[in-house]
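Descriptive analysis of the structure
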Amino acid sequence: MVKGNKVLSNNKKALMLHQEELYRINLRSSVAVLLATSFCIVNGIHFLPIYGHPNPLSYEPKPNQMIDSIQTLPDKVAITFTERPELKASSIQVMNLDNERIDNYDLKLAESDKALSVSLDKSKLISGDYTIKWLVFSKDDGFITKGSYIFSIGRTKS
């Protein structure tokens, strides 16, 4: 009987050692997966731009830009967004200091499907500050964003 209990005892020890080894392997694997996932999340957020809703990427003219003269002013105002704007539900308005529009009411898609532009009526331009107001409805996610900025013509930096 002693011999049978000894064999049973050895089998229990072997089983317990085997379970401990599996536990250590599972723990090491879990830690490795956690570290790899954390690394991917941190580096993914760091390297990939994440945009939500239609936000401006570039402007022409640029915000707070000081343009020397009307002759050097671009013929149009163009804004490129992170998402595709719905033309019929979006707008760009260029306003003078008297809150009068000085654009030609001809909003259109510009060079890409993510850019809008409106041409300027240069006959209405004088030296001064101008406000560009924009509103965009996204074809991609259905959200609306809006904003404004200014640029100046014929002003010098103080």
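Up top is the structure these notes are about.
Residues numbered from 1 in each chain as written. Predicted model: local features only at pLDDT ≥ 70, side-chain atom pairs only at ≥ 80, totals over all residues. Heavy atoms only, no water.

Describing the sheet that holds strand β8 (residues 144-153)
Just so we agree on the cut-off: In this analysis, strands are considered paired if DSSP registers two or more bridges between them. Numbering goes from the N terminus for both helices and strands, where a helix is a DSSP run of H or I of at least four residues and a strand is a run of E of at least two.
Pairing within the open sheet is mixed, and its four strands lie in the order β2-β8-β7-β4. Two strands close off the open sheet at either side, each with one partner strand: β2 (66-67) and β4 (91-95). Taken together, the 10 bridges between strand β7 (residues 128-137) and β8 define a ladder with antiparallel strand orientation. In the strand pairing of β8, Lys-133 is matched with Ser-148.

Points about the environment of Pro-61
We count it as follows: We call a residue buried when its accessible area falls under 20% of the maximum for its residue type, exposed when it is over 50%, and partly exposed in between, using a 1.4 Å probe and counting protein chains only.
By the element assignment, Pro-61 lies in the loop between β1 (56-60) and β2. Its relative accessible area of 0% is what places Pro-61 among the buried residues. In the structure, Pro-61 is positioned 16 residues away from Val-77 in sequence and 6.3 Å away in space, judged by C-alpha atoms.

A closer look at the nonpolar core
Here is a general trend for soluble globular proteins: nonpolar side chains tend to be buried in one another's company. We apply this condition: As used here, the term nonpolar core means buried Ala, Val, Leu, Ile, Met, Phe, Trp, Tyr and Cys residues forming a set that is joined through side-chain atoms within 4.5 Å.
Formed by 19 residues in total, the largest nonpolar core has its most connected members in Leu-73, Val-77, Ile-79, Ile-92, Val-94, Ile-132 and Phe-151. Among the secondary structure elements, those contributing two or more residues to this core are β3 (76-81), β4, β6 (115-119), β7 and β8. Here this core takes four residues from β7, the largest share from any one element.

Here's the deal with the pattern of salt bridges
Short version of the rule: What counts as a salt bridge is simple: a side-chain nitrogen of Lys or Arg found within 4 Å of a carboxyl oxygen of Asp or Glu.
What the rule picks out here adds up to five salt bridges. Notably, a salt bridge pairs Glu-60 with Lys-62, separated by 3.9 Å at the nearest N-O pair. A relative accessible area of 48% means that Lys-62 is categorised as partly exposed. The partner of Arg-84 in a salt bridge is Asp-140, with the nearest N and O atoms 2.8 Å apart. Of this pair, Arg-84 sits in the loop between β3 and β4 while Asp-140 sits in the loop between β7 and β8; the two residues are 56 residues apart in sequence, bridging distant segments of the chain. Relative accessible area serves as the criterion here: at 30%, Arg-84 is assigned to the partly exposed category.

Focus on the side chain of Ser-119
Counted only if it meets this: Any pair of N or O atoms that falls within 3.5 Å is considered a polar contact. Within protein, one atom must be able to donate a hydrogen and the other to accept it, and sequence-neighbouring residues count only if both atoms are side-chain atoms. By the convention used here, residues are in contact when the closest approach between their heavy atoms is within 4.5 Å.
Assignment of secondary structure puts Ser-119 in strand β6. A polar contact of 2.9 Å, which involves the side chain of Ser-119, links it to the side chain of Asn-104. At 2.5 Å, the side chain of Ser-119 forms a polar contact with the side chain of Asp-106. In contact with Ser-119, other than residues within four places in its own chain, are Asp-75, Lys-76, Asp-103, Asn-104 and Asp-106.

A few points about the sheet that holds β3
Judged by pairing direction, the sheet is antiparallel, and its four strands sit side by side in the order β1-β3-β6-β5 without closing on themselves. Each edge of the open sheet carries a strand with a single partner, namely β1 and β5 (108-109). By the bridge criterion, five bridges tie β3 to β6 in an arrangement that is antiparallel. Note on β6: the bridge partner recorded for Thr-80 is Ala-115.

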